Amino acid sequence: MNMAEETAQLLARLGVAKAAYTSGDLAVTSPLTGEEIATVPTDSPADTTAAIKNAKTAFSTWRSVPAPRRGELVRLFGEELRAAKQDLGRLLSIEVGKIPSEGEGEVQEMIDICDFAVGISRQLYGLTIATERPGHRMMEQWHPLGPVGVISAFNFPVAVWSWNTALALVCGDPVIWKPSEKAPLTALGCMAIMARALEKFGDAPEGLLNLVIGAGDIGAALVESPDVALISATGSTRMGKIVGPKVAERFGRVILELGGNNAGIVAPSADLDMTLRAVAFGAMGTAGQRCTTLRRLFVHSSIYDKLVPGLKKAYQSVSVGNPLTGEALVGPLIDKQAFDQMQDALANAKEAGGKVTGGERVDEGHADAYYARPALVEMPKHEGIVRQETFAPILYVIKYDNLEDAVRWHNEVGAGLSSCIFTLDMQEAELFLSAAGSDCGIANVNIATSGAEIGGAFGGEKETGGGRESGSDAWKGYMRRATNTINYSKELPLAQGVSFDI
Ligand code: NAD
């Protein structure tokens, strides 16, 4: 069976209608071999407008369904995901090249957010607030916000949608999803899985969940519509710089989850064996195509020669190749453009005095598949290309002598997503986590930058966009707050002692 046949079989098993992945105008290729695996019909801006209208109509009903009942739909979706985990995970590996455990791991993350959101559906708490006026009560309520437009990136093609959707649904909001044009098949799979949950649920309104397929212009149609209350956009900082101002112009709400240039510090007291294993996964896992991939490493000069040779060895020996036909830990880059950008960055680093280990193309026998050995680059200084996110497995390593320098370098990049320190020194760890330490949305001690769990709020500062998704109180981003004052007295006292007697 070739890969196109296997893809068709998986999609059919997931419940996707054949017409949705044959004879369309968008060719889908697998990065594993570069071969075409399906063609998907794309939507027009008019289709997008229709989807928004449907979502708006659905909102008028869904917002009044009790939140725990809304949670029941998410619970059912989680059950359907459990049943489809292997097939959807496999499809993820075929469509974006993840190794099997990461393909299934992404589906597990979807299941986890469903569990989390079901709990949240009974915890949409507002405050009761002390009032200065006698015979009055003050409180706040959280109400559904409106249709949510989810724009997602290729590298977490389905988990990010589920983070948004599970919360949006329990919060009372319909969703319109525009997946990455590089990963429409897993999106079709998710909608088919959701359709089964909707059927079991029974009385959800039409238009509660919508999918529009296309490139940036379709995303732009969502971004520009005043009927889309919230745009949750995940992708490059370049995309966020276009989307953010457009949504702001119409006073819409936005959650931006953009690029990262994540760094770690390895201090003299670090457990070097553990550090090496953490860095290897953080920097090489998912072929360096996680927003939280470890991209810069500041190593104290006293341990540099103990850690870096071992790391280089790991870079030289890690298995690179097709993870579905062998045991490779590092799969392909998404496409030629990603490979070219990696090579450009390495050439640039070399010119600036960088010493490169790895980085070369690995031949897997497919002209249109781009496998690259992860690159470790020892840099003399923290400047130039090091300060930019290249979405590929490149780890820049730089020596430091005092922690103050390392923290300063750490923070002097545009992005502010994820960060870590390896140390057994409590003062260093606490300093790194303090207001004067890492400026990122995620800061870790003795684990690397990637591999977040859904329980914590996920997102970052500065050019990462400032959005938060998933755990903690991220649900508030999908609701509007109303402050209510109720007078149960027969008087009308005004606040701040103001009198207005007529
Ligand atoms: P990308 O910016 O090329 O595309 C992301 C999505 O935005 C796609 O669906 C695309 O069609 C859409 N888009 C592009 N231009 C648009 C426009 N003008 N209006 C509306 N939509 C538009 O990103 P990518 O290559 O798919 O993903 C890689 C990038 O995403 C990296 O920079 C990575 O760090 C980032 N990322 C961030 C997070 C996070 O949570 N912070 C998570 C995953 C990926």
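Per an unreviewed UniProt entry, the protein goes by the name aldehyde dehydrogenase (NAD(+)) and belongs to Sneathiella litorea. According to the UniProt record, the Subunit (unreviewed entry) comment for the protein is "Homotetramer." The record held by UniProt for the protein lists under Sequence similarities (unreviewed entry) the comment "Belongs to the aldehyde dehydrogenase family."

Concerning the overall build of the protein
If you tally the helices and strands in the protein, you get 13 helices and 23 strands. Computed over the C-alpha atoms, the radius of gyration of the protein is 24 Å, within 12% of the 23 Å expected from 2.2 N^0.38 for a compact globule of 502 residues. If you line up the protein on its principal axes, its C-alpha atoms span 80 × 60 × 35 Å. Counting the 502 residues in the protein, one finds 53% classified as buried. Here the contacts in the protein between residues at least 6 apart in sequence split such that 73% fall between residues at least 24 apart.

Re the environment of isoleucine 486
Along the polypeptide, isoleucine 486 turns up in strand β23 (residues 479-487). Separated by 351 residues in the primary sequence, isoleucine 486 and glycine 135 have C-alpha atoms spaced 8.5 Å apart. Apart from the residues lying within four places of it in its own chain, the contact partners of isoleucine 486 are His136 and Arg137.

Focus: the UniProt feature "active site" (unreviewed entry) in the protein
Mapped onto the present numbering, the UniProt feature "active site" (unreviewed entry) falls at Glu257. In this structure, glutamate 257 sits in strand β9 (residues 253-257). Other than its neighbours up to four places away in sequence, glutamate 257 contacts Thr234, Gly459, Gly465, Gly467 and Glu469.

A word on the packing of helix α3 (residues 67-96) against helix α5 (residues 159-171)
Contact geometry of α3 with α5 gives a least axis separation of 7 Å together with a crossing angle of 150°. Viewed along their axes, α3 and α5 adopt a mutual orientation that is roughly antiparallel. Taking contact as the criterion, the partners of Ala67, Arg70, Gly71, Leu73 and Val74 in α3 are, on α5, Ala166, Leu169 and Val170.

Thoughts on unusual backbone geometry
Even without being glycine, threonine 286 reaches a positive phi, approximately 55°. Within the fold, threonine 286 resides in the loop between α9 (272-284) and β11 (294-300). According to the C-beta neighbour criterion, threonine 286 is buried, with 25 such atoms within 10 Å. Unusually for a residue other than glycine, asparagine 446 sits at a positive phi of about 60°. Within the secondary structure, asparagine 446 is located in the loop between β19 (442-445) and β20 (457-458).

As for the pairing of strand β18 (residues 418-422)
A regular strand places its side chains so that they alternate between the two faces of the sheet. Extensive coverage of β18 is indicated by the burial of five of its five residues. Because side chains alternate across β18, one face comprises the buried residues Ser418, Cys420 and Phe422, and the other comprises Ser419 and Ile421, equally buried. Alignment of strand β10 (residues 262-266) against β18, held across four bridges, turns out to be parallel. Looking across to β18, one finds that valine 266 is bridged to phenylalanine 422. Inspection of the sheet shows β18 paired to β19 by four bridges, in the parallel sense. Counterpart to serine 418 in the pairing with β19 is isoleucine 442. Taking the sense of rotation as the criterion, the β-α-β connection linking β18, helix α13 (residues 426-433) and β19 turns out right-handed.

Comments concerning the site of the ligand
Surveying the vicinity of the ligand reveals 29 residues, the closest of which are Gly216, Gly219, Gly235, Glu257 and Cys291. Secondary structure elements with two or more residues in the shell around the ligand: α7 (216-224) and α8 (237-249). Residue-level mapping places the shell around the ligand at the junction of two domains, with at least three residues from each of domain 1 (3-258 + 465-483) and domain 2 (262-445).

Some words on the nonpolar core
Ala117, Leu167 and Ile231 are the most contacted members of the largest nonpolar core, which totals 151 residues. Counting residues per element, this core draws most heavily on α3, which supplies 11 residues. Both domain 1 (3-258 + 465-483) and domain 2 (262-445) contribute no fewer than three residues apiece to this core.

Quick word on the environment of tyrosine 478
Among the structural elements, tyrosine 478 can be located in the loop between β22 (469-470) and β23. Residue class for tyrosine 478 comes out buried when judged on the 28 C-beta atoms lying within 10 Å of it. Through-space distance from the C-alpha of tyrosine 478 to that of isoleucine 255 is 9.5 Å; in sequence the pair is 223 residues apart. Discounting chain neighbours no more than four positions away, the residues touching tyrosine 478 are Leu145, Val148, Leu167, Ala168, Cys171, Asp173 and Leu230.

Description of α8
Between its first and last C-alpha, α8 extends 18 Å over 13 residues, near the 18 Å set by a 1.5 Å rise per residue. Considered for burial, the residues of α8 that qualify are Thr237, Met239, Gly240, Val243, Gly244 and Val247. End-on view of α8: buried residues confined to an arc of 130°, all on one side of the axis. Across from the buried face of α8, at angles greater than 90 degrees, the exposed residues are Arg238, Pro245 and Glu249.

About the thresholds
Residues numbered from 1 in each chain as written. Predicted model: local features only at pLDDT ≥ 70, side-chain atom pairs only at ≥ 80, totals over all residues. UniProt positions renumbered as here; feature names shortened; annotations may be inferred. Helix = DSSP H or I, 4+ residues; strand = E, 2+ residues; numbered from the N terminus. Rg over C-alpha atoms; globule rule 2.2 N^0.38 Å. Buried ≥ 20, exposed ≤ 12 C-beta atoms within 10 Å, placed from the backbone. Contact = placed C-beta atoms within 7 Å. Axes fitted to C-alpha atoms, helices over the stretch in contact; angles between N-to-C directions. Parallel < 35°, antiparallel > 145°, perpendicular 65-115°, else oblique. Pairing = 2+ DSSP bridges. Right-handed = clockwise from strand over helix to strand, strands pointing away. Near = placed C-beta within 6 Å. Domains from an automatic or database assignment. Core = buried A, V, L, I, M, F, W, Y, C linked by C-beta atoms within 7 Å. Expected span 1.5 Å × (residues − 1). Arc of directions from axis to C-beta.

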